[in-house]
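# Breakdown of the fold
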Amino acid sequence: MTTIRLPTPRCPGSVLGAAPGVTESVEAYRATGGYADTPGPEALLRHLAASGLRGRGGAGFPAAVKLRAVRDRGGAPVVVANGEEGEPGSVKDRWLLRARPHLVLDGLAHAAAVTGAVRGYVYLSDPEAAARVRGALAEREPHLPVDVVETARTYVAGEESAVVRRIDGGPALPTAKPPRPFERGVGGAPTLVSNVETLARIALTAAHPDLRRTIARSTLVTLSGGNADPVLTEVPYGVPLRTLAAAHGTPEAAGALMGGLFGGLIDARALDLPLEPDALAAAGTALGCGAIRFLAADACPVGTAADAVGHLADESARQCGVCVSGTTAIRDTVHALAAGTAGPEAPDRLERWSQGLPGRGACGLLDAAAATAGSLLRTFPELVRSHLRGPCPDCAAGPPGDGRGRRLVVAVPEVADAPASLTRLPVLKGTP
Ligand code: SF4
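Everything numeric in this text was worked out from a predicted model, so none of it was measured.

So, on to the overall build of the protein chain. For the protein chain, the count of helices and strands is 17 helices and 10 strands. Relative to its length of 432 residues, the protein chain is compact, with a C-alpha radius of gyration of 21 Å against a globular reference of 22 Å. Taken over the C-alpha atoms alone, the protein chain extends approximately 65 × 50 × 35 Å along its principal axes. The buried share of the protein chain, taken over its 432 residues, is 56%. On the protein chain, roughly 16200 Å² of surface is accessible, and the fraction owed to carbon and sulfur atoms is 53%.

Once that is clear, we can look at the pattern of salt bridges. In the structure shown here, the tally under the stated rule is 20 salt bridges. Of the charged contacts, one joins Arg180 and Glu160 as a salt bridge, the two residues approaching to 3.4 Å between their closest N and O atoms. One end of the pair, Arg180, is in the loop between helix H7 (160-167) and strand E5 (191-195); the other, Glu160, is in helix H7, and 20 residues separate them in sequence. The exposure class assigned to Arg180 is partly exposed, which follows from its relative accessible area of 38%. Three or more residues joined by partner-sharing salt bridges are found here, namely Arg56, Lys92, Asp93, Glu197, Arg201 and Glu234.

Along the chain, Arg94 turns up in helix H4 (residues 92-99). A relative accessible area of 8% places Arg94 in the buried class. There is a polar contact of 2.6 Å between the side chain of Arg94 and the backbone oxygen of Ser90. The contacts of Arg94, once residues within four sequence positions are left out, are Glu85, Asp126, Ala129, Arg153, Val410 and Val412.

Bringing the environment of Val196 into the picture now. Position of Val196 among the secondary structure elements: in helix H8 (residues 196-207). Among all residues touching Val196, those that are not within four sequence positions of it are Ala81, Asn82, Gly83, Asp93, Leu96, Leu97 and Val104.

This brings us to empty space enclosed by the protein. To locate leftover empty space, one rolls a probe as large as a water molecule over the atoms. Inspection of the entire model under this criterion finds 3 cavities of 30 Å³ or more. Here the largest cavity is characterised by a volume of approximately 100 Å³. Around the largest cavity, the lining is made up of 13 residues, and of these Ala317, Cys320, Cys323, Ala362 and Cys363 lie nearest the centre. Classifying every residue of the lining of the largest cavity by side-chain character gives 9 nonpolar, 3 polar and 1 charged. Along its surface, the second largest cavity is lined by Glu87, Pro88, Gly89, Ser224, Leu257, Gly260, Leu261, Ala291, Ile292, Arg293 and Leu408. The greatest single-element share of the lining of the second largest cavity, amounting to 3 residues, is contributed by strand E10 (residues 291-295). Across the lining of the second largest cavity, the residue classes tally to 6 nonpolar, 3 polar and 2 charged. Split by domain, the lining of the second largest cavity shows at least three residues from each of two domains, domain 1 (3-214) and domain 2 (217-299).

In a beta sheet, neighbouring strands are held together by backbone hydrogen bonds and run either parallel or antiparallel to one another. As summarised here, the arrangement of the 4 strands in space is E4-E3-E2-E5, forming an open sheet in which the pairing is parallel. The sheet terminates laterally at strand E4 (146-150) and E5, the two strands that pair on one side only. Recorded for the sheet is a direction-independent mean angle of 20° between the axes of neighbouring strands. Relative to strand E3 (residues 119-124), strand E2 (residues 78-82) is paired through 5 bridges, and the arrangement is parallel. Bridge pairing links Val80 to Tyr121 in E3.

In the vicinity of the ligand, the contacting residues are Val156, Pro174, Ser316, Ala317, Arg318, Gln319, Cys320, Cys323, Gly361, Ala362, Cys363 and Leu365. The class makeup of the residues in the shell around the ligand is 8 nonpolar, 3 polar and 1 charged.

Here the domain parsing of the protein chain yields domain 1 (3-214), domain 2 (217-299) and domain 3 (301-408). Taken over C-alpha atoms, the centre of domain 1 sits 25 Å from the centre of domain 2. Across the boundary between the two partners, domain 1 contributes 23 residues, which contact 20 residues of domain 2. Taking both partners together, domain 1 and domain 2 bury about 1900 Å²; carbon and sulfur atoms supply 49% of that area. Counting every contact that joins domain 1 to domain 2 gives 2 salt bridges. For Arg201, the salt bridge identified is with Glu234, shortest N-O distance 3.0 Å. For the pair domain 1 and domain 2, the interface holds 15 residue pairs in polar contact (both at pLDDT 80 or more). Among the elements of the structure, strand E1 (3-4), H4, H8 and helix H9 (212-216) are those that each provide at least two residues to the side of domain 1 that touches domain 2.

As enumerated under the stated definition, the model contains 1 aromatic pair in all. Here the aromatic rings of Tyr29 and Tyr35 are separated by 5.1 Å at their centres, their planes lie at 85°, and the arrangement is edge-to-face. Residue class for Tyr35 comes out partly exposed when judged on its relative accessible area of 23%.

About the criteria used
Residues numbered from 1 in each chain as written. Predicted model: local features only at pLDDT ≥ 70, side-chain atom pairs only at ≥ 80, totals over all residues. Heavy atoms only, no water. Helix = DSSP H or I, 4+ residues; strand = E, 2+ residues; numbered from the N terminus. Rg over C-alpha atoms; globule rule 2.2 N^0.38 Å. Buried < 20%, exposed > 50% of the residue type's maximum accessible area, 1.4 Å probe, protein only. Areas by Shrake-Rupley, 256 points an atom, 1.4 Å probe, with all protein chains shown as cover. Salt bridge = Lys/Arg side-chain N within 4 Å of Asp/Glu carboxyl O. Polar contact = N/O pair within 3.5 Å; in protein donor to acceptor, adjacent residues only side chain to side chain. Contact = heavy atoms within 4.5 Å. 1 Å grid on protein atoms, 1.4 Å probe; cavity = no way out; pocket = protein on both sides within 12 Å on 5 of 7 lines; lining within 4 Å. Points joined across faces, edges and corners; volume = space filled by probe spheres on them. Nonpolar A, V, L, I, M, F, W, Y, C, P; charged D, E, K, R; others polar. Domains from an automatic or database assignment. Pairing = 2+ DSSP bridges. Axes fitted to C-alpha atoms, helices over the stretch in contact; angles between N-to-C directions. Near = heavy atom within 4 Å. Buried area = accessible area lost by both parts, 1.4 Å probe. Phe/Tyr/Trp six-rings, centres within 6.5 Å; stacked < 30°, edge-to-face > 60°.

What follows is the structure, encoded as structure tokens:
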């Protein structure tokens, strides 16, 4: 069961504001300063630019730059709250839509004010979240017309061009770029597709501009793996990954699968890195959507990589030939490694694919498979070599292809009980 750790004492700049399992009412949201008059679109843009807020969907693009790009296209823009959470190890977006729909809708309204948008959408796949968002829409004052668009949950359904395609009535599949949605999106209009946590942080910045740095430099994280229950929590940037591992209940972690499936594998030494996008990128990994799967001391990274690339191959939308062949080849090779049946050429092949395949699909799924394979080779070369001689005990006990990929999936939290170890995590401090 996934648990959740609420910030104590409560910081007004925190996204984790309501009790899990309970949807925040419009009155409760207003009592936090929500839906209030704001300093105006230009002032909000300046606050967002000064805060350095980055998108929380995975790419980490500066929020102010993205808003300006849509605004500067003119016309009648559209804004989309993207709550489609395809990463199997992430729960933050569905939790946020279930627990704090008004915070997201308020952020969407601010994004509309900044860009000049006349229509908004909430795009998601979680039926529980959809019901709570519809309830929240009925409660609030309808300044901005907002429709809820549901889709089936897949790894690629939340990719921004897939979002546009689905809202326009097509399948939730990525398209070739350009044009990007900010150039030509829903109905041909310039479109902002923004992750729901990003919108929540925009709303918090509008309500508490004095806390803009705290809001921009903290993040929701979903911690899983090891032998502990998954946890959703919110931490300031800079917390060492090792502190998170200990708080999660995996103090002797052998490494982690980072960012969802996008940041690849890191080893135990890299757990000294701070949870901060630039520091992680400089080390060759990524924060992504904040989903971190710690490896237990006795868990095999080759087996974890096999789970990840197996999931990605299953989730390929199979519309780009290079993705179909590339993810299949990577999966088959990593699975053979885990099973101890790979030939001696396997590491060289994986290296070639990890270098040559990124950027060749219409979306990032193929890149994620290549990053996972490349990070396995770079980070655990001796383990890769030893698997050429036969499977390790962990891989032999649960070979890939027996449903192990399901272990990557984390359930949305419903309860507020959290392990005592989590109380040792740093809390957000309301600093400007
Ligand atoms: S890269 Fe793969 S998942 Fe992405 S659009 Fe192409 S086929 Fe689909």
